Amino acid sequence: MNQTPSANRLHIGIFGKTNSGKSSFINALTNQQVSIVADIAGTTTDPVYKAMEIHPLGACTIIDTAGFDDVTRLGEKRLEKTKQAAEKTDLAVLVLTAENMEQDIKKVYKPELDWYAYFKGQNTPVLFVVSKLDEDRKAAFTLQAEIKEETGEDAVLISTVTKEGMEEVKEALIRKVPENHGERLITAELVGKEDLVLLVMPQDIQAPKGRLILPQVQTIRELLDRHCLVMSVTKEQLLLALQTLKKPPKLIITDSQIFGSVYENKPKESMLTSFSVLFAAYKGDLPYYVQGAKKIDSLTENSRVLIAECCTHAPLSEDIGRVKIPRMLKKRFGENLTVEHVSGTDFPEDLSGYDLIIQCGGCMFNRKYVMARIGHAKKQQVPMTNYGVVIAHLTGILPYVTLPES
Ligand SMILES: Nc1nc2c(ncn2[C@@H]2O[C@H](COP(=O)(O)OP(=O)(O)O)[C@@H](O)[C@H]2O)c(=O)[nH]1
Ligand SMILES: [Mg+2]
């Protein structure tokens, strides 16, 4: 694993009308030919996600989107995809071209201003970029002043032809990076410097050959960064490890599948939690998930449950989401219980028909996107939980799991 995981990258989404210069802007920003530039409206159809290092921003994912005024036959579908891209966006760039400056800006730039309002509502910082400065300087400056008056934002003027303004764009982007981006911790307040942490990680047939799964890798890396003492064992070596250690671990993190047996064998003083619960908190809203999991108890045979998994074909999560959880639920509430599945970024806009949503661990999604989904569920007052928390609840271990607070 040589790359920053996609979910941890700063997602910069580029939005604007078709032909405003979005794709050219990305190419100028990255000094690469990432996006196809053309003077035919609607060249960028599906959003293009491109991982790259931008000095000095670090690891980013740049999202090039279709113009939000795209009125071609596929327009509506594209708008859907653009909305999804917006939900993943940590930092939004709105690209505008100065035109019709004699008209009312509120009319000409209504889509841009509406999107600006949307991002503000999501607490997503927005950078306005006025492109094609080389074509009409006066108009660009007028637009900049209008944007300032309308939103209070300082737009950066650029030309992707002369590269004027591109350094300023980078400086502005750095100022706009959300303050807490990348600072969230998986192990939160549960451990501190020099604490001993024991990881129980079965490497069974479900584990990929020759490597560790992403949550394990990320947890180990974080604990090392936090100057903890880290020991990893499989289930069989747990007792030997505990006997060998001079003092009990401060924290034990286990794969949730073997939580019960680890709980029975752990020293009294050691806190115990699971990777999936830590990641539920890291990626989403743990208190809402716990509340949602408890809603299971009031389901009936007539209930409808939606299971949403991010990977379209990962055997392990398929087993949990496609087989394990439905089996557990049907066993308890009857075969007639309705369980529906969606995968990838498919997620229904209307959730009102569901009694419960169960989201996968979301290791491929960034926190922003998972939180946007939770936001939809909350707004429609539909309980939502995730795989790790549901399994902990259904197997009765939830009360014994140490939950991170922040
Ligand atoms: N003169 C000038 N033309 C530009 C500039 N940026 C983009 N263009 C042109 O505007 C057209 C649309 O650009 P493109 O990046 O594909 O726009 P998108 O649809 O928003 O992605 C292309 O013909 C570009 O060459 C610029 O800064 N100056
Ligand atoms: Mg484009």
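Residues numbered from 1 in each chain as written. Chains lettered and ligands numbered in written order. Predicted model: local features only at pLDDT ≥ 70, side-chain atom pairs only at ≥ 80, totals over all residues. Heavy atoms only, no water.

Engineer: Describe the sheet that holds strand 8 (residues 229–233), with residues and values.
Structural biologist: With respect to topology, four strands assemble into an open sheet ordered 8-7-9-10, the strand pairing being parallel. Strands at the two margins of the open sheet, each flanked by one partner only, are strand 8 and strand 10 (271–274). In this sheet, adjacent strand axes meet at a mean angle of 20° when their direction is disregarded. Summarising the sheet, strand 7 (residues 196–200) and strand 9 (residues 251–254) pair through four bridges and their orientation is parallel. The residue bridging Val200 from the neighbouring strand is Thr254, located in strand 9. Here helix 7 (residues 214–225) sits on the sheet and contacts strand 7, strand 8 and strand 9; the angle it forms with strand 7, its principal contact strand, is near 170°. Contacts between helix 10 (residues 275–283) and the sheet are confined to strand 7, strand 9 and strand 10, with strand 10 contributing the most and set at about 70° to the helix. (Pairing = 2+ DSSP bridges. Helix = DSSP H or I, 4+ residues; strand = E, 2+ residues; numbered from the N terminus. Axes fitted to C-alpha atoms, helices over the stretch in contact; angles between N-to-C directions. Contact = heavy atoms within 4.5 Å.)

Engineer: An account of the site of ligand 1 is requested, with residue identities and associated values reported.
Structural biologist: Around ligand 1, the surrounding shell holds 17 residues, and the nearest of these are Asn19, Lys22, Ser24, Asp134 and Thr160. Interatomic distance of 2.8 Å between a side-chain N/O atom of Lys22 and an oxygen atom of ligand 1. Here an oxygen atom of ligand 1 sits 2.8 Å away from a polar atom, N or O, in the main chain of Thr160. Relative to its unbound accessible surface of 580 Å², ligand 1 loses 84% to contact with the protein. (Near = heavy atom within 4 Å. Polar contact = N/O pair within 3.5 Å; in protein donor to acceptor, adjacent residues only side chain to side chain. Areas by Shrake-Rupley, 256 points an atom, 1.4 Å probe, with all protein chains shown as cover.)

Engineer: I'd love a proper account of the packing of helix 10 against helix 13 (residues 367–379), names of residues and values included.
Structural biologist: One way to put it is that helix 10 packs onto helix 13 with a least axis distance of 9 Å and a crossing angle of 85°. The orientation of helix 10 relative to helix 13 falls into the category roughly perpendicular. Seen from helix 10, the contacting residues are Ala281, Tyr282 and Lys283; seen from helix 13, they are Arg367, Val370 and Met371. For the contact of helix 10 with helix 13, the per-class residue count stands at four nonpolar, no polar and two charged. (Parallel < 35°, antiparallel > 145°, perpendicular 65-115°, else oblique. Nonpolar A, V, L, I, M, F, W, Y, C, P; charged D, E, K, R; others polar.)

Engineer: Go over the sheet that holds strand 6 (residues 156–157) with me, naming the residues and quoting the values.
Structural biologist: Within the open sheet, the six strands sit side by side as 2-3-1-4-5-6. Their pairing is mixed. Looking along the sheet, the strands with just one partner apiece sit at the ends: strand 2 (48–54) and strand 6. With five bridges connecting them, strand 1 (residues 10–16) and strand 3 (residues 58–64) associate as parallel partners. Following the sheet pairing, His11 is matched in strand 3 by Thr61. Across the sheet, helix 4 (residues 110–121) lies against strand 1, strand 4 (91–97) and strand 5 (126–131), angled at about 170° from strand 4, the strand it touches most.

Engineer: Which residues make up the side chain of Glu222, and what values go with them?
Structural biologist: Structurally, the position occupied by Glu222 is in helix 7. Each residue touching Glu222, except ones within four places of it in the same chain, is listed here: Leu185, Ile186, Thr187 and Ala188.

Engineer: Talk me through the domain arrangement of the chain; I want residue IDs and the actual numbers.
Structural biologist: How large an interface is tends to be reported as the accessible area lost when its parts come together. We note that the domain assignment places domain 1 (6–176), domain 2 (188–278) and domain 3 (285–399) within the chain. On a C-alpha basis, the centres of domain 2 and domain 3 stand 26 Å from each other. Taken together, the contact pairs six residues of domain 2 with nine residues of domain 3. The largest per-residue losses of area from domain 2 upon contact with domain 3 belong to Gln206, Gln257 and Val277, which jointly make up 51% of the total buried on that side. (Domains from an automatic or database assignment. Buried area = accessible area lost by both parts, 1.4 Å probe.)

Engineer: Before we move on, could you go through the environment of His393 and cite the residues and values that matter?
Structural biologist: As for its placement among the helices and strands, His393 is situated in helix 14 (residues 387–394). Classification of His393 by relative accessible area gives buried; the value is 18%. A sequence separation of 183 residues divides His393 from Gly210, and the C-alpha atoms of the two residues are 32 Å apart. Ignoring anything within four residues of it in the chain, the contact list for His393 reads Ala293, Lys294, Ile296, Asp297 and Leu398. (Buried < 20%, exposed > 50% of the residue type's maximum accessible area, 1.4 Å probe, protein only.)

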